[in-house]
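# Chain and residue survey
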Amino acid sequence: MGAVSTMRAEKTETGDDVLVRVEGLRKWFPILGGVFQRTVGYIYAVEDATFNIKNAETLALVGESGSGKTTVGLMLAKLEHPTAGKIFYRNRDVGKLSSSETRWYRKRVQMVFQDPYASLNPRMLIKDTIIEVMKVHRVGGPNYYDRAVELMTRVGLSEEHLYRYPHELSGGQRQRAVLARALCVNPEFIILDEPTASLDVSVQAQVLDLLKSLQDEFRYTYLLITHNLAVVRYISDRTVVMYRGIWVESSPTRELFGRAEHPYTQALLSSVPIPEPRSNVEKQLLKGEPPNPTERVKACPFADRCPYVMPVCNEKTPPVTQINDSHQVRCWLTVKK
Amino acid sequence: MRELRIRELKYTFHLFFSNKLVVIGTAIVLFYIFLAVFGRLIVDAGEPYKLDLKNALKPPSFEHFFGTDDLGRDILRLIVLGAGYDMAVSIFVVAVSIAIGTVLGAVSAYLGGKFDEAFMRLVDILFAFPGLLFAMAIQMILGKSLFNLAIALIAVWWAGYARLMRGQVLAEKGKLYVRAAKSLGLPGYRILFRHILPNAIYPLLVSATMDIGGVMLSAAGLSFIGLGPTPFEPEWGSLVNRGAPFLFVAPWIMFFPGLMILLASLGFNLVGDGLRDILDPRLRR
């Protein structure tokens, strides 16, 4: 793991256009028990998340539920404090920001949550929700209202929707309103936590297209957190696969769909239904139980469910293998090759 | 846009008028407020001082609709004048209690940790005393007067609101929109007072409306046992007190002021019930 960090750091120093650098991020949630509420154990939500996001790029973080991808997003949004590891934003350590720098950071980094309805204040008009954020960050004044209308139009809503309460909007409209709120302060980096999970399939495509066109126009950088591989394929440039809180494979999205190296990634990809009933592609179904988050990973996180498991997998953490310049895997299989 | 707001307003009225009990409750409350505000204009404010012993303990008649008390004063007039005292005390007690309780409870829940723990133990201690007894003790220390009666009741009532508010804020605090507000970089006081509070306060408003009746009962209770106003402040509880020795000779002295207290409790409770339905935007449509 240490090797990875140094390698990444060098890469950044060579002048790559890296916006966000995440190094060995870890989050353990304490489990409190007993009369005195002492820590009796941990939920090991994230063990090691390490990746870079380049400017104006979309990085997808994929994995099954409980793989820690949302927790990574929350740490990036400074809503959870990492147990270990570091986040660098424009080469600044996010953990060490002063309170005025934190305001600077919160303006540039926006998060769009999975459930747009729950993330809007139910007693505030969309108008007030959006304008409040602009006022706090002193962006878009003095004609806040005009800018709000402009934003609404940009995300495919109209002025009329400004005068609605969240419960008066449909799911897709809410997601667009949340997006307008995120965009109103001119952010650089947007964390999208399952942005389409709560939407109908037809609306999903519209929202994804909107995200794409906004990125083209304003050069936003996205971190897309999702379990939906179709979405990943459609929108992301790079993909990081996580399992039990550890990143196992990192690759350009196109390459990942062509030649996934990690057995977990392969299983994940083959679980996507193919719209062809007589297709010959062999499905790799995972055996074994879904992982228990209160148990700490000792060696390879995937060892107990991997179809190609070898003795070494249960003994040592697999090292990072470079498949090529931009494709890394953590698996003993690739080491042997 | 304006049309939309007007439609909203119409819907609110519709909700209001479709519930008969709320309408009745509101009518009662409005009647009491009217009495409290204009009582002194309708009835000569000197009535409590007009002793007319020849006409003492007269039963209800066309001359005295509610009869007269042992000093020959007209009960109806005393009741009209008393409305101001009772309403002022109840509303003042509830308003101050809710202000103290809301701020302390909300801040305590939002800050959490040691402060919250210590604060809640303090509230627990307050709750351990029987309310009326505690109010009596405070009033004995402060001295007998209508204002001290109010202070004593506030000392007892605020803790309930603080606890209710704390629970509300704790529940709201965990919701996603609060996290979203934090991630948007809104300052803490803004999140607490502009986002959490408006979502948390409605149960308090409902309970406050109902409590106005309850406070009125407590205030009347305290002044019934003699811990309140002077005989020249015709607060309803003290009128009931005044009638107690004559219960079998002139029951009307107790009956009418008592009825007024009862009706007030009922009215505020009905309104509180209706408010709950009208105020919640999620129950609408």
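For the structure itself, consult the block above.
A brief structural summary. The structure displayed is predicted, hence computed values, not measured ones.

## What about a nonpolar patch on the surface?
Residues and elements named next belong to chain B. On the surface, L30, I33, F34, V37, F38, L41 and I42 cluster together into a nonpolar patch covering about 690 Å² of accessible area. Positionally, L41 belongs in helix α2 (residues 20-42). The class for L41 is exposed, based on a relative accessible area of 68%.

## Some remarks on the pattern of salt bridges
Here the idea is simple: oppositely charged side chains can pair when their charged atoms come close. The final tally for this structure, using the stated rule, is 27 salt bridges over all chains. A salt bridge links E64(A) to R305(A), with the shortest nitrogen-to-oxygen separation between them at 3.6 Å. Of the two residues, E64(A) is situated in the loop between β3 (58-62) and α2 (69-76) and R305(A) in the loop between α10 (263-270) and β11 (320-324); the sequence distance between them amounts to 241 residues. When its relative accessible area of 21% is taken as the criterion, E64(A) is described as partly exposed. Two residues, R154(A) and E217(A), come together in a salt bridge whose shortest N-O distance is 2.7 Å. Taken together, the positions of R154(A) in helix α5 (residues 144-154) and E217(A) in helix α7 (residues 201-218) put the pair 63 residues apart, joining distant regions of the chain. When its relative accessible area of 26% is taken as the criterion, R154(A) is described as partly exposed. Shared partners join several salt bridges into a network, and the residues in it are D69(B), D70(B), R73(B) and R242(B).

## Quick word on the state of the cysteines
With the rule as written, the count across this model stands at zero disulfides over all chains. With no disulfide of its own, C313(A) lies closest to C300(A) among cysteine sulfurs, the gap being 5.7 Å.

## Considerations on the nonpolar core
Membership of the largest hydrophobic core comes to 132 residues, with the highest contact counts inside it found for I130(A) and W236(B). The leading source of residues in this core is helix α3 (residues 75-111) of chain B, at 14 residues. Filtering out sequence-adjacent residues up to four positions away, W236(B) remains in contact with Y32(B), I79(B), G82(B), A83(B), D86(B), M216(B), P257(B), M260(B) and I261(B). L25(A), V94(A), Y105(A) and A180(B) belong to the second-largest nonpolar core, a separate cluster that totals 33 residues.

## Overview of the environment of K173(B)
Residues and elements named next belong to chain B. Among the secondary structure elements, K173 is positioned in helix α6 (residues 146-173). Under the relative-accessibility criterion, K173 is labelled partly exposed at 31%. For K173 and L197, which are 24 residues apart along the polypeptide, the C-alpha to C-alpha distance reads 10.0 Å. The contacts of K173, once residues within four sequence positions are left out, are A109, Y110, V178 and I196.

## Notes on the interface of chain A and chain B
Listed as interface residues are 31 residues of chain A and, on the opposing side, 24 residues of chain B. Both sides together, the interface formed by chain A and chain B hides about 2,600 Å², and carbon and sulfur atoms give 58% of it. The three residues of chain A that bury the most area against chain B are L79(A), R123(A) and E132(A), which together make up 26% of that side's buried surface. Seen at the junction of chain A and chain B, the total is two salt bridges. For the salt bridge of R179(B) with E80(A), the shortest nitrogen-to-oxygen distance reads 2.6 Å. The interface formed by chain A and chain B holds nine residue pairs in polar contact (both at pLDDT 80 or more) in total. When residues of the side of chain A that touches chain B are traced back to their parent elements, those giving at least two are β6 (109-112) and α4 (126-137) of chain A. Tallied by class, residues from the side of chain A that touches chain B come to 16 nonpolar, five polar and 10 charged.

## Side note on helix α9 (residues 202-224) of chain B
Since one α-helical turn is 3.6 residues long, residues separated by three or four positions face the same way. With 23 residues, α9(B) should cover 33 Å at 1.5 Å per step; its first-to-last C-alpha distance of 33 Å lies within 8% of that length. Along its length, α9(B) shows its largest kink, about 35°, at D211(B).

## Examining the packing of helix α10 (residues 236-243) of chain B against helix α11 (residues 252-279) of chain B
All names here are of chain B. At a minimum axis separation of 8 Å, α10 and α11 run at an interaxial angle of 155°. Comparing their axes, α11 and α10 come out roughly antiparallel. The handedness of the crossing between α10 and α11 is left-handed. Side by side, α10 and α11 meet where W236, G237, L239, V240 and G243 of the first sit next to I253, M254, P257, G258, M260 and I261 of the second.

## With respect to the packing of aromatic side chains
A ring pair, where both rings are aromatic, is described by two values, the distance of the centres and the angle of the planes. Residue and element names in this part refer to chain A. The tally for this structure, following the rule as stated, stands at 24 aromatic pairs over all chains. Between Y145 and Y163, the aromatic rings sit 6.4 Å apart at their centres with planes inclined by 55°, giving tilted as the arrangement. In this pair, Y145 is assigned in helix α5 and Y163 in the loop between α5 and α6 (171-183), connecting sequence segments 18 residues apart. Here the aromatic residues Y89, W104, Y105 and F189 are joined through ring pairs into a cluster of three or more.

Rules used throughout
Residues numbered from 1 in each chain as written. Chains lettered and ligands numbered in written order. Predicted model: local features only at pLDDT ≥ 70, side-chain atom pairs only at ≥ 80, totals over all residues. Heavy atoms only, no water. Patch = residues over 30% accessible without salt bridge, like charges linked within 9 Å, V, L, I, M, F, W, Y side chains within 5 Å. Areas by Shrake-Rupley, 256 points an atom, 1.4 Å probe, with all protein chains shown as cover. Salt bridge = Lys/Arg side-chain N within 4 Å of Asp/Glu carboxyl O. Helix = DSSP H or I, 4+ residues; strand = E, 2+ residues; numbered from the N terminus. Buried < 20%, exposed > 50% of the residue type's maximum accessible area, 1.4 Å probe, protein only. Disulfide = S-S within 2.5 Å. Core = buried A, V, L, I, M, F, W, Y, C linked by side-chain atoms within 4.5 Å. Contact = heavy atoms within 4.5 Å. Buried area = accessible area lost by both parts, 1.4 Å probe. Polar contact = N/O pair within 3.5 Å; in protein donor to acceptor, adjacent residues only side chain to side chain. Nonpolar A, V, L, I, M, F, W, Y, C, P; charged D, E, K, R; others polar. Expected span 1.5 Å × (residues − 1). Bend = angle between axes of the 7 residues up to and from the residue. Axes fitted to C-alpha atoms, helices over the stretch in contact; angles between N-to-C directions. Parallel < 35°, antiparallel > 145°, perpendicular 65-115°, else oblique. Left-handed = near helix turned anticlockwise from the far one by under 90°. Phe/Tyr/Trp six-rings, centres within 6.5 Å; stacked < 30°, edge-to-face > 60°.

Coordinates in, geometry out; function isn't part of it.
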